[in-house]
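# Report on the structure
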Amino acid sequence: MSLGVPLPDLFDILPAEEAQREFRNELGKIHSLCLKLIENKKVAA
């Protein structure tokens with residue numbers, strides 16, 4: 001999303017278990033933020 005230098009893929013630089021754990025952690029954060037956006041949109045509508 002940025003115009004900077006792309007970071008290496010987690011799955012290329014971390015052990016598989018650690019990369020999967022980080023992926024699930026980030027996915028959880030994204031999910032939580034999406035739910036907040038939806039909730040805010042419902043209140044504003």
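What this report covers is the structure whose coordinates are included nearby. What you are looking at is a predicted structure, and each value in this text was computed from that prediction instead of being measured. (Residues numbered from 1 in each chain as written. Predicted model: local features only at pLDDT ≥ 70, side-chain atom pairs only at ≥ 80, totals over all residues. Heavy atoms only, no water.)

### Here's the deal with the overall build of the chain
A count of helical and extended segments in the chain gives 2 helices and 0 strands. Here the chain holds 45 residues, and 2% of them are scored as buried. As displayed, the chain has an accessible area near 4,500 Å², and 64% of this comes from carbon and sulfur atoms. (Helix = DSSP H or I, 4+ residues; strand = E, 2+ residues; numbered from the N terminus. Buried < 20%, exposed > 50% of the residue type's maximum accessible area, 1.4 Å probe, protein only. Areas by Shrake-Rupley, 256 points an atom, 1.4 Å probe, with all protein chains shown as cover.)

### Thoughts on a nonpolar patch on the surface
On the surface, a cluster of nonpolar side chains totalling about 350 Å² of accessible area is made up of Leu10, Phe11, Phe23 and Leu27. Elements with a contribution of two residues or more to the nonpolar patch: helix H1 (10-13) and helix H2 (16-44). You can call Phe11 partly exposed: its relative accessible area is 43%. (Patch = residues over 30% accessible without salt bridge, like charges linked within 9 Å, V, L, I, M, F, W, Y side chains within 5 Å. Salt bridge = Lys/Arg side-chain N within 4 Å of Asp/Glu carboxyl O.)

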